Number of protein chains: 2
Amino acid sequence: MVARRGDDPAGDSTGDGVVHPSMDDAPYALDGDLTNGAPLLDAVVPAARERARAIPEAAVARLAVYLQVLSEAAAQDTAVISSEELAAAAGVNSAKLRKDLSYIGSYGTRGVGYDVETLIQEIGRTLGLTRKHSVAVVGLGNLGHALANYGGFPGRGFPVSALFDVDPDLIGIKLGGLPVDHIDDIPEVCGTRDVTVGVIATPPGAAQEVCDRLVRAGVRCILNFAPVVLQVPDDVEVRKVDLAVEMQILSFHVARRADRLATDGDSRVDQAVGQ
Amino acid sequence: MVARRGDDPAGDSTGDGVVHPSMDDAPYALDGDLTNGAPLLDAVVPAARERARAIPEAAVARLAVYLQVLSEAAAQDTAVISSEELAAAAGVNSAKLRKDLSYIGSYGTRGVGYDVETLIQEIGRTLGLTRKHSVAVVGLGNLGHALANYGGFPGRGFPVSALFDVDPDLIGIKLGGLPVDHIDDIPEVCGTRDVTVGVIATPPGAAQEVCDRLVRAGVRCILNFAPVVLQVPDDVEVRKVDLAVEMQILSFHVARRADRLATDGDSRVDQAVGQ
DNA sequence: GCCTGTGAACGGCTTCACAGCG
DNA sequence: CGCTGTGAAGCCGTTCACAGGC
């Protein structure tokens, strides 16, 4: 779920994406097309990461899931996996999985399957996990505490390196080995620790203000847990995780299910969905 | 993000959301989202609540967001709001907003706008918020604690009415006024307290087991915070909120942005995306 | 005149089905 | 013969643009 000025949220979210989740605007072209004829690059640039050539947003979200499943597989010493197996474990159908993987290149072996380690490498590269991303958590209530204590987000590579709040009782103490700073220090601290991702876990009323500060400090990616739609410049990426929204979406499905049972007093069985 | 057997996540994430995302599926927003479980049917059925007539999953996620914004507006005594205003506040364009609202009926006044209270009512009805949903939280680590202490999820209507864990040190003590029960008691407790939504905040290794127990206890809606793809029967709705996935999606965008700057060594300014 | 509601056009994502290769 | 990789078809959601009321 990306929410940017004049655009859309959820997505889903997701699920989205959320999204949650999810699900929003234009795909991501390396561009370099349109404007110029474009046969160029590749050849010239060191084998120019031809990767990242227009991967649909929805596919990106799934790639992250595949990565998770592949890590599990690797932990169990599975060296090779077929599209069918991986798809089942990730909860998608195999055609979609193969299509998704094809966006990042051809790393499978026909008649055999995919090498787990290779896929992990390539998906990681595509998702930009080769660089480390410093994370700042702002707002240390219940949720903020939980996030801070994750101590380096699950799926390593996202070390939390700064904590902020306004509560004088919190400033200066350490949480998970990190000192808590006042949000007035966001510019300085974010600068010196090279923070690239901001996580907002403040009460709703403070979220926009905090967001503005982060943006002013140069943070261009924000994960927002506050139940507020943040207004940001076009070059800032926001993803929103909203528990109330998630619950309401579930609620909708409960209601729909109930309606169905009520109205379908007749024969027809729910043969819905099934890929 | 809806994930069901043989279907897709993110979501939004969401799509997300979720959700999603996306996020979805998903995504978180998270996910991405997406995945419309509602196929054809209806039609024949009497004239039955013609509402719930195939509302796109993505639209459902956004309706929840509109509801949030509308509540804020109501709190500030705004009685009427135009599609343009509401859209701006929700971060979508007005055409999409009007289309979304049209799915639930015609509650606006041409030349004027929408009555805030009426919209709140109708969206709430559509999302099934007229019924109360009892929530059970399983797994009381950092995140679970945070969720339990929310004490009735934000956006009222989702009272947490049961807590479960396996840690003997936790069983029996009270958190936010609720006693912690052992997960062996899930069937009984969920039954007597009429739990309709299960929230899984356990370590990844325990998630599937806990999920199976909830499902066996009759819970048909699950919000999963564990970084695992749950396998469930077709009639169970799962939404996944995965912090690692959200971070990785953000990471992808950071990387893409960096690539752009690197390859666009020339003139062309980033005029991308735009609402 | 203004703003809502909506059919139709558009575009992106998913699904299909098979060609291609090991 | 099996499984990947992918053009093409189909579907679904978004955007457009204007008809319809107030």
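Residues numbered from 1 in each chain as written. Chains lettered and ligands numbered in written order. Predicted model: local features only at pLDDT ≥ 70, side-chain atom pairs only at ≥ 80, totals over all residues. Heavy atoms only, no water.

**Remarks on the overall build of chain A**
Helix and strand content of chain A: eight helices and 10 strands. With the model as given, the accessible surface of chain A reaches about 11300 Å², and the carbon-plus-sulfur share is 54%. (Helix = DSSP H or I, 4+ residues; strand = E, 2+ residues; numbered from the N terminus. Areas by Shrake-Rupley, 256 points an atom, 1.4 Å probe, with all protein chains shown as cover.)

**Here's the deal with the confidence of the model for chain A**
The pLDDT averaged across chain A works out to 80; a share of 74% of its residues lies at or above 70. For residues 266-275 of chain A, every residue scores under 50 in pLDDT, and the model assigns this stretch 10 contacts once sequence neighbours within four places are set aside. (pLDDT = per-residue confidence, 0-100. Contact = heavy atoms within 4.5 Å.)

**Examining the protein's contact with DNA strand D**
Taken together, 25 residues lie near DNA strand D, and S83, G108 and Y114 of chain A together with R62 and R110 of chain B sit nearest. Within 4 Å of the protein, the contacting atoms of DNA strand D are 63% sugar and phosphate, with bases supplying the remainder. In the environment of DNA strand D, a base nitrogen lies 2.9 Å from a nitrogen or oxygen atom belonging to the side chain of R98 of chain A. Here a base nitrogen of DNA strand D and a side-chain polar atom of K99 of chain A are 3.4 Å apart. When contributions to the surface near DNA strand D are tallied by element, the ones reaching two or more residues are helix 3 (94-104), strand 2 (108-109) and strand 3 (113-115) of chain A together with helix 1 (57-75) and helix 3 (94-104) of chain B. A total of four residues in the surface near DNA strand D trace back to one element, the largest contributor, which is helix 3 of chain B. Here the surface near DNA strand D is built from residues that sort into six nonpolar, 11 polar and eight charged. (Near = heavy atom within 4 Å. Polar contact = N/O pair within 3.5 Å; in protein donor to acceptor, adjacent residues only side chain to side chain. Nonpolar A, V, L, I, M, F, W, Y, C, P; charged D, E, K, R; others polar.)

**Considering the protein's contact with DNA strand C**
Taken together, the neighbourhood of DNA strand C is formed by 27 residues, with R62 and R110 of chain A together with S83, G108 and Y114 of chain B sitting nearest. Put simply, 68% of the atoms of DNA strand C that lie within 4 Å of the protein are in sugar or phosphate. Note that a sugar or linking oxygen of DNA strand C is positioned 3.1 Å from one of the side-chain N or O atoms of R110 of chain B. G111 of chain B places a main-chain nitrogen or oxygen 3.1 Å from a sugar or linking oxygen of DNA strand C. Those elements that place two or more of their residues in the surface near DNA strand C are helix 1 (57-75) and helix 3 of chain A together with helix 3, strand 2 (108-109) and strand 3 (113-115) of chain B.

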